[in-house]
Amino acid sequence: MIEPNSIQANLTTQVGDFNLEVNLQIPGAGVSAIFGHSGSGKTTLLRCIAGLHRAKGELIFKGTTWQHNKLFLPVHKRPLAYVFQEASLFPHLTVLKNIQYGQNRRSITRETISLEDAINWLDLQSLLNRKPHRLSGGERQRVALARALITSPDLLLMDEPLSALDHHARSEIMPYLERVCSELSIPLLYVTHSPDEVARLADHLILMQRGQVTAQGALSEITARLDIPFFRNEDAGTVLCATVYEKDTAWHLVRVQFPGGSLWMKDRQFEPGDRIRIRIVAKDVSIARQQPSESSILNCLPATIDEIREGEHPALRYVRVKLTDALGASSPIIARLTARSANTLQLAPGQHCWVQIKSTALIE
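For the structure given in this document, a descriptive report is provided here. (Residues numbered from 1 in each chain as written. Predicted model: local features only at pLDDT ≥ 70, side-chain atom pairs only at ≥ 80, totals over all residues. Heavy atoms only, no water.)

**Comments concerning the overall build of the protein**
Helices and strands together make up the secondary structure of the protein, namely eight helices and 20 strands. In terms of its C-alpha atoms, the protein occupies a principal-axis envelope of roughly 65 × 50 × 35 Å. In the protein, which comprises 364 residues, the share counted as buried stands at 50%. For the protein, long-range pairs separated by at least 24 residues make up 65% of all intrachain contacts whose partners lie at least 6 apart in sequence. In the structure as shown, the protein presents an accessible area of about 17,700 Å², 48% of it carried by carbon and sulfur atoms. Of the charged side chains in the protein, 40 are positive and 37 negative; the average position of the first set lies 6 Å away from that of the second. (Helix = DSSP H or I, 4+ residues; strand = E, 2+ residues; numbered from the N terminus. Buried < 20%, exposed > 50% of the residue type's maximum accessible area, 1.4 Å probe, protein only. Contact = heavy atoms within 4.5 Å. Areas by Shrake-Rupley, 256 points an atom, 1.4 Å probe, with all protein chains shown as cover. Lys, Arg positive; Asp, Glu negative; His and termini not counted. Charge placed at Lys NZ, Arg CZ, Asp CG, Glu CD.)

Below is the structure:
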């Protein structure tokens, strides 16, 4: 069933030595991450949606046709903004003037995002009188994002905006991206090859390989699938949305609740009621057939084994379990074990078990 508020793309074009062939229905709200290895067609798909690359097929944005048969709306007639890998700021203009340049591209009748909002969301107040050469890489990308937002687009496209930054700069800008994503009421398409960026920003996930969409769906569902090779490696893990509901100030911990159970984790100045994401890496999850006693691991939850698959090495096994609470709500998580351990415990789908997760291993 086609949702009238969605983005529908049925596009075909040549990409290197293979064809890009996609048939997508992307949610009309939230962050949709387009994830895949270099050369998988991610950027080409984004450029097709923007109108920067002409593909065959049909593109409909929330009921409005942008491309079909002989109809092809040029870039300037598509109400979108595009943030590239490089900030590409005007070197002779101050930060403020660079941002205000975006206002000149906005219709007089449109102002869904104000200049003040864009500056405040990205904490640019102290940088407004600087020229681009006096900015760090992360600061330049924040300015480029503010300039895009100030056009008040109906759709925001971001093409690996952190790939040109070092680890320190990426760490600095990530909280700003999280804030913008939470504040925006428009859909955002975010191209990346970073599992960490996917975990922290995405609501919906689109996986691509050699021009094909191999999987798409809600983030928590896709990251818990064992049939997807992208996540069966060192980065394998599940993302859950949780709510902080208890603080242990004596030991600097908080308990977070999610469909299926709750977990203790390090307190990072959270308050009860805060909504956060937690990433549970598969290699940090262990399984026991009986409830452990006198263990240093705080998080021990009852679960049911759902699926077992071989890992990327014959010595490894991936086990998907479902955590289920008293109300029947459940969440899937993945454990990575040795094949020897799985065999010793005689693990099999349908079995009840206990899952142990270290509080220090949870990533927020």
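**Things to note about helix α4 (residues 137–149)**
In this model, α4 (13 residues) spans 19 Å end to end at C-alpha, consistent with the 18 Å of a helix rising 1.5 Å per residue. Within α4, 11 of the 13 residues are buried, which leaves it mostly tucked inside the rest of the structure. Among the residues making up α4, those that are buried are Gly138, Glu139, Gln141, Arg142, Val143, Ala144, Leu145, Ala146, Arg147, Ala148 and Leu149. Along its buried surface, α4 packs onto β7 (80–83), α2 (95–104), α3 (115–121), β8 (155–159) and α5 (167–183). (Expected span 1.5 Å × (residues − 1).)

**Examining unusual backbone geometry**
What is expected of a backbone is that most residues other than glycine have negative phi and most peptide bonds are trans. Positioned with a positive phi, Ser88 is a non-glycine residue whose angle comes to about 50°. For Ser88, the position within the fold is in the loop between β7 and α2. Classification of Ser88 as exposed rests on a relative accessible area of 54%. Non-glycine residue Glu294 carries a positive phi angle of around 55°. Following the sequence through the fold, Glu294 ends up in the loop between β16 (285–288) and β17 (299–310).

**Observations concerning the pairing of strand β3 (residues 31–35)**
Extensive coverage of β3 is indicated by the burial of five of its five residues. Every second residue of β3 is oriented toward a common face, with Val31, Ala33 and Phe35 on one face and Ser32 and Ile34 on the other, all of them buried. As paired elements, β3 and strand β9 (residues 188–192) share five bridges and run parallel to each other. Paired with Ala33 across the bridge in β9 is Tyr190. Summarising the sheet, β3 and strand β10 (residues 204–209) pair through four bridges and their orientation is parallel. Following the sheet pairing, Ile34 is matched in β10 by Ile206. (Pairing = 2+ DSSP bridges.)

**Comments concerning the sheet that holds strand β20 (residues 352–357)**
Strand order in the open sheet formed by five strands is β16-β20-β17-β18-β19, with antiparallel pairing between adjacent strands. The open sheet has two edge strands, β16 and β19 (330–338), and neither has a second partner. Averaged over all pairs of adjacent strands, the angle between their axes in this sheet comes to 45°, without regard to strand direction. Pairing analysis gives six bridges linking β17 to β20, with the strands arranged antiparallel. From the neighbouring strand, Thr304 faces β20, where its bridge partner is His352. (Axes fitted to C-alpha atoms, helices over the stretch in contact; angles between N-to-C directions.)

**Remarks on the environment of Gly211**
Along the chain, Gly211 turns up in the loop between β10 and β11 (212–218). In contact with Gly211, not counting residues within four places along its chain, are Phe18, Asn19, Leu20, Glu21, Val22 and Ser40.

**Focus on the environment of Ile49**
Examined against the element boundaries, Ile49 turns out to sit in helix α1 (residues 42–50). You can call Ile49 buried: its relative accessible area is 0%. A C-alpha to C-alpha distance of 9.6 Å links Ile49 and Leu80, two positions 31 residues apart in sequence.

**Examining the sheet that holds strand β13 (residues 253–258)**
Sheet architecture is open: four strands sit in the order β14-β13-β12-β15, paired in antiparallel fashion. The open sheet is flanked by β14 (261–266) and β15 (275–281), the only strands paired with a single partner. Averaged over neighbouring strand pairs, the angle between their axes works out to 45° when direction is ignored. With seven bridges connecting them, strand β12 (residues 237–248) and β15 associate as antiparallel partners. Its bridge partner being in β15, Thr238 is matched across the sheet by Ile280.

**Topic: the packing of aromatic side chains**
Considering all chains together, one arrives at three aromatic pairs under this definition. Lying over the aromatic face of Phe72, Arg54 brings its terminal NZ or CZ to 4.1 Å of the ring centre. Across from the ring centre of Tyr176, 4.2 Å away, lies the NZ or CZ of Arg142, which sits over that ring. (Phe/Tyr/Trp six-rings, centres within 6.5 Å; stacked < 30°, edge-to-face > 60°. Lys NZ or Arg CZ within 6 Å of the ring centre and 35° of its normal.)

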